[in-house]
Amino acid sequence: MVDIFQEVDEEVRREQLRKLWERYGIYAIAAAVAVVIAVAGWRGYEWWVGKQAARFGDAYIAAATLSEQGKHAEAEAAFARLANDSTVGYRILARLNEASELAATDPKAAVAAYDAMSGDGSVAQPLRDLAAVRAGLILVDSAPLNEMVARLEPLTGPDATFRHTARELLALAAWRTGDMASARHWVDIIMSEGDTPGSVRSRIEVLMALLPANSRS
């Protein structure tokens, strides 16, 4: 008697499963297909990203090689192409290098390129600061002191990434323009800070020797 009930129970379950399949089977198939498509799509995307990274990496190396060979116009064009069409990391590096190549032939355009980058909110702050410092390096021999201060003083704070270079450039700009008090101000800050790099400290010691006696402490 128990076997009969078990057979009936199994038959009922089979019938229920059949009805469920007839009702929802198409959705199960669709879901399975969707999973397969999603996995295949992700694998395809990973392959594409890897291929693009390799392509842009090769293009970056080729542009850097042109720069090392002194072919600045060609290197500039190659970096410009990467700056317009590559992954985010390579675009930023390419913009920095494009401006660097411009500096060899058109300093004014290079400063404009660095300024555009330093003012771009989509770029990480340390890289924006680096662009501002590089513009300052181009201008240190020619720009008025007030312009150099406006550009670089915001980068001289105790936690600023490029504070040592920014301070050194301001000391040099002040000395070049004859503002010995300002030059002494930046020299004192540089020499009093314990973590000033040795290379910066050495150059500033040379500058100290050039300061007039009445400006020295």
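Up top is the structure these notes are about.
Residues numbered from 1 in each chain as written. Predicted model: local features only at pLDDT ≥ 70, side-chain atom pairs only at ≥ 80, totals over all residues. Heavy atoms only, no water.

### A few points about the nonpolar core
Piece 1. Met148, Leu152, Ala171 and Ile204 are the most contacted members of the largest nonpolar core, which totals 33 residues.
Piece 2. Elements with a minimum of two residues in this core: helix H3 (88-105), helix H4 (107-118), helix H5 (125-139), helix H6 (145-152), helix H7 (163-176), helix H8 (180-192) and helix H9 (198-210).
Piece 3. Apart from residues no more than four positions distant in its own chain, Met148 is found in contact with Gly136, Leu139, Val140, Ala143, Glu153, Leu170 and Ala173. (Core = buried A, V, L, I, M, F, W, Y, C linked by side-chain atoms within 4.5 Å. Buried < 20%, exposed > 50% of the residue type's maximum accessible area, 1.4 Å probe, protein only. Helix = DSSP H or I, 4+ residues; strand = E, 2+ residues; numbered from the N terminus. Contact = heavy atoms within 4.5 Å.)

### Observations concerning the pattern of salt bridges
Piece 1. Here the structure, examined in full by the defined rule, presents eight salt bridges.
Piece 2. For the salt bridge of Arg163 with Glu193, the shortest nitrogen-to-oxygen distance reads 3.1 Å. With Arg163 in helix H7 and Glu193 in the loop between H8 and H9, this residue pair connects regions lying 30 residues apart in the sequence. Across this residue pair, the class does not change: Arg163 and Glu193 are buried.
Piece 3. Asp195 is paired through a salt bridge with Arg163; the nearest N and O atoms lie 2.6 Å apart. With a gap of 32 residues between them, Asp195 in the loop between H8 and H9 and Arg163 in helix H7 connect regions that are remote in the sequence.
Piece 4. For Asp195, a relative accessible area of 41% translates into the label partly exposed.
Piece 5. Residue classification places Arg163 among the buried residues on the basis of a relative accessible area of 12%. (Salt bridge = Lys/Arg side-chain N within 4 Å of Asp/Glu carboxyl O.)

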